[in-house]
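What the coordinates show
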Amino acid sequence: VKYGISNLEIQLGKNELWWGQGTRGTLALSNNAEPFTGVKLSTISPLKPIPIVNFLGPSRFSLFYAQMENNRADVNSPGFVVMRADFQPSKNFTLGAARTSMLGGEGHALS
């Protein structure tokens, strides 16, 4: 299910997340595995740059959260958070940064 509010898109359900090759490969976000069921917030169209970082150009952002499986060998039911930012300083160049993290789980705080 997707719903748009102004320039923000909210998605609930399963979504394949493959954001390209990283320094450690695509192990964290690959469309080879079953997609996570979760919540995704993202911009629909690029945002205009703010004056202090005008050199970065238009930007797009995404945030995804999912609850992972409860039969893991390390920690049961951790949360999985993914953040991504894309900047386009010129017409033919895009700079992106992504972060994935597992949080909390059974017996562990989300702090």
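Below: a short report on this structure. (Residues numbered from 1 in each chain as written. Predicted model: local features only at pLDDT ≥ 70, side-chain atom pairs only at ≥ 80, totals over all residues. Heavy atoms only, no water.)

Let us look at the pattern of salt bridges. Tallied over the full model, the rule gives one salt bridge. Aspartate 86 is the partner of arginine 84 in a salt bridge, and the nearest nitrogen-oxygen pair spans 2.9 Å. (Salt bridge = Lys/Arg side-chain N within 4 Å of Asp/Glu carboxyl O.)

This paragraph deals with the environment of lysine 91. Along the chain, the position of lysine 91 falls in the loop between strand 5 (79-90) and strand 6 (93-103). For lysine 91 and glycine 57, which are 34 residues apart along the polypeptide, the C-alpha to C-alpha distance reads 9.5 Å. (Helix = DSSP H or I, 4+ residues; strand = E, 2+ residues; numbered from the N terminus.)

With that settled, consider the pairing of strand 3 (residues 37-43). Where strand 2 (residues 8-14) and strand 3 come together, seven bridges link them in antiparallel fashion. When the bridges of strand 3 are listed, lysine 14 appears paired with threonine 37. Sheet topology note: the strand 3/strand 4 (residues 59-67) ladder contains five bridges and is antiparallel. Its bridge partner lying in strand 4, valine 39 is registered against tyrosine 65. (Pairing = 2+ DSSP bridges.)

Relative to the helices and strands, glutamine 11 is located in strand 2. Glutamine 11 has contacts with Val1, Lys2, Gly38, Val39 and Lys40, leaving out every residue within four places of it along the chain. (Contact = heavy atoms within 4.5 Å.)

Across the sheet, which stays open at both edges, the six strands sit in the order 1-2-3-4-5-6 with antiparallel pairing between neighbours. In this open sheet, the two strands that pair with only one neighbour each are strand 1 (2-5) and strand 6. Adjacent strand axes in the sheet meet at a mean angle of 10°, parallel and antiparallel pairs treated alike. Summarising the sheet, strand 1 and strand 2 pair through four bridges and their orientation is antiparallel. Following the sheet pairing, glycine 4 is matched in strand 2 by glutamate 9. (Axes fitted to C-alpha atoms, helices over the stretch in contact; angles between N-to-C directions.)

Evaluation of the coordinates by the stated rule reveals two aromatic pairs. Summarising the aromatic geometry, the rings of phenylalanine 36 and phenylalanine 80 are spaced 5.0 Å apart at their centres and angled 40° between planes, so their arrangement reads as tilted. Of this pair, phenylalanine 36 sits in the loop between strand 2 and strand 3 while phenylalanine 80 sits in strand 5, and the two are 44 residues apart along the sequence. Given a relative accessible area of 6%, phenylalanine 80 falls into the buried group. (Phe/Tyr/Trp six-rings, centres within 6.5 Å; stacked < 30°, edge-to-face > 60°. Buried < 20%, exposed > 50% of the residue type's maximum accessible area, 1.4 Å probe, protein only.)

Turning our eyes to something else, we now look at the environment of leucine 47. Its location among the elements puts leucine 47 in the loop between strand 3 and strand 4. Residue classification places leucine 47 among the partly exposed positions, given a relative accessible area of 32%.

With that out of the way, let us pick up a nonpolar patch on the surface. A surface patch of nonpolar side chains, about 810 Å² in accessible area, is lined by Val1, Tyr3, Ile5, Leu8, Leu12, Val39, Leu41, Leu63 and Met83. Secondary structure elements with two or more residues in the nonpolar patch: strand 1, strand 2 and strand 3. Looking at the element boundaries, leucine 63 is found in strand 4. Judged by relative accessible area, leucine 63 falls into the partly exposed class, the value being 37%. (Patch = residues over 30% accessible without salt bridge, like charges linked within 9 Å, V, L, I, M, F, W, Y side chains within 5 Å. Areas by Shrake-Rupley, 256 points an atom, 1.4 Å probe, with all protein chains shown as cover.)

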